[in-house]
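Chain by chain, the residues run as shown.
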Amino acid sequence: MKPDTISNDCQLNSSGKLIHLLGLKDLPKKHLENILDSADGLLSKNGNLKKSKALKGMSVANLFFEPSTRTRNTFEIAAKRSSANTINVDLENSATRKNETLMDTMQTLKAMQIDMFIIRHKKNGLPHHVAANIEGVAIINAGDGINAHPTQALLDMLTIRQYKQSFENLSVAIVGDVRHSRVARSGIHALKTLGTKDIRLIAPAYLLYKETTSPDLERFDNLQKGLEGVDIIMSLRLQKERMVAAEIPNEKNYFENYGITNETLKLAKPDAIVMHPGPVNRGIEVDSSVADGPQSVILKQVTNGIAVRMAAMEVLAGAL
Ligand code: NCD
């Protein structure tokens, strides 16, 4: 399924309550801000994470059909900090390998009284399909194909909110492999919902959207031009696993043209922040001196990811 054709309708129930978190496209601003505000409440003044009892007695299952380090681990840590029981389903050795259908696996887990499924899958729309076919379980999309990664975009918004006054007057540059990026798709929806008008996509043409959608986004194939005066630089990983061999750029050329270095960073505002969802390829997307430099908020994003995931699970638990 094409990302733009996937509907998130079933994440709201008939009275408008959030019952799943599948994507940020068409998610009303009040729901988005409610998760950000709840996440704020889970952070102390110095940015440390609090603990909460909101998920006590609940069970959360991590179902990661694609590799992941930070997303899977931060979901697990978040569930534990909110007092839930967690299980990491061993999909390598699970019955899906014996041809059990995915929905049968889901129904079996539900019968084990699991309240929430955190799903990552290479297929666009897979978490939406599960959500539409199961009742009494909350589904969180932890990344589906190139479609959506709502908790990543929420943690990015939380991070931006901590450094910048408002979303309305921001200039945001999204740099790199936009075409294969669920992070960029969800991020753009969130930024638009929060009122950002100046969103720039910077990449060689073949790494930009093929779709003619989002004509309102400015596209640049020149990094220097695109970075001029921006407040936020969101660098993206080159997602080689989603490219055919002929599309994979030469890394040295790519870094020379699109790498964020101390020099290119000077084109942005002096107080600009540099973000990356990780995993970072140092010396390809971002130079080490920038990734470890004073304007980098990459590790802050990781901590914020726990607060946002706690908040998202707690909001959904309230509707179960
Ligand atoms: C992203 C993902 O998996 O979509 N990473 C993440 O969630 N931390 C981005 C990426 O893999 O490039």
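Note that this is a predicted model, so its numbers are computed, not measured. (Residues numbered from 1 in each chain as written. Predicted model: local features only at pLDDT ≥ 70, side-chain atom pairs only at ≥ 80, totals over all residues. Heavy atoms only, no water.)

**Student:** So what's going on with the sheet that holds strand β1 (residues 59-64)? Which residues, and what values?
**Tutor:** With parallel pairing, four strands are arranged side by side in an open sheet as β2-β1-β3-β4. Bordering the open sheet on either side are β2 (85-88) and β4 (138-144), each of which pairs with just one other strand. Here the average twist between neighbouring strands, direction ignored, is 15°. As paired elements, β1 and β2 share four bridges and run parallel to each other. Across the sheet, V60 pairs through a bridge with T86, a residue of β2. Here helix α11 (residues 298-317) sits on the sheet in contact with β1, β3 (116-121) and β4, set at roughly 150° to β4. (Pairing = 2+ DSSP bridges. Helix = DSSP H or I, 4+ residues; strand = E, 2+ residues; numbered from the N terminus. Axes fitted to C-alpha atoms, helices over the stretch in contact; angles between N-to-C directions. Contact = heavy atoms within 4.5 Å.)

**Student:** Describe in detail helix α2 (residues 70-81), supporting the description with residues and values.
**Tutor:** For an α-helix the count is 3.6 residues per turn, leaving residues at separations of three or four pointing the same way. Compared with an ideal rise of 1.5 Å per residue, which puts twelve residues at 16 Å, α2 spans 16 Å between its outermost C-alpha atoms and is within 8% of the ideal. Turning to α2, the residues buried within the fold contact β1, β2, β3, β4, α5 (150-163) and α11. Of the residues trailing α2, S83 is marked for its positive phi of about 75°. (Expected span 1.5 Å × (residues − 1).)

**Student:** Residue-level account of the pattern of salt bridges, with values.
**Tutor:** This structure, assessed with the given rule, holds 14 salt bridges. We note a salt bridge from D37 to R161, for which the minimum N-O separation is 3.0 Å. Pair noted here: D37 is in helix α1 (residues 29-41) and R161 is in helix α5, with a separation of 124 residues, a long-range link. Look at D37 and you get partly exposed, because its relative accessible area is 44%. R242 is paired through a salt bridge with E66; the nearest N and O atoms lie 3.6 Å apart. Remark: E66 occurs in the loop between β1 and α2 and R242 occurs in the loop between β8 (232-235) and α8 (251-258); sequence separation between them is 176 residues. The two residues R242 and E66 agree in class, both being buried. One salt-bridge network, in which partners are shared between bridges, spans D37, D40 and R161. (Salt bridge = Lys/Arg side-chain N within 4 Å of Asp/Glu carboxyl O. Buried < 20%, exposed > 50% of the residue type's maximum accessible area, 1.4 Å probe, protein only.)

In short, the description is geometric, and any link to function would need to be established separately.
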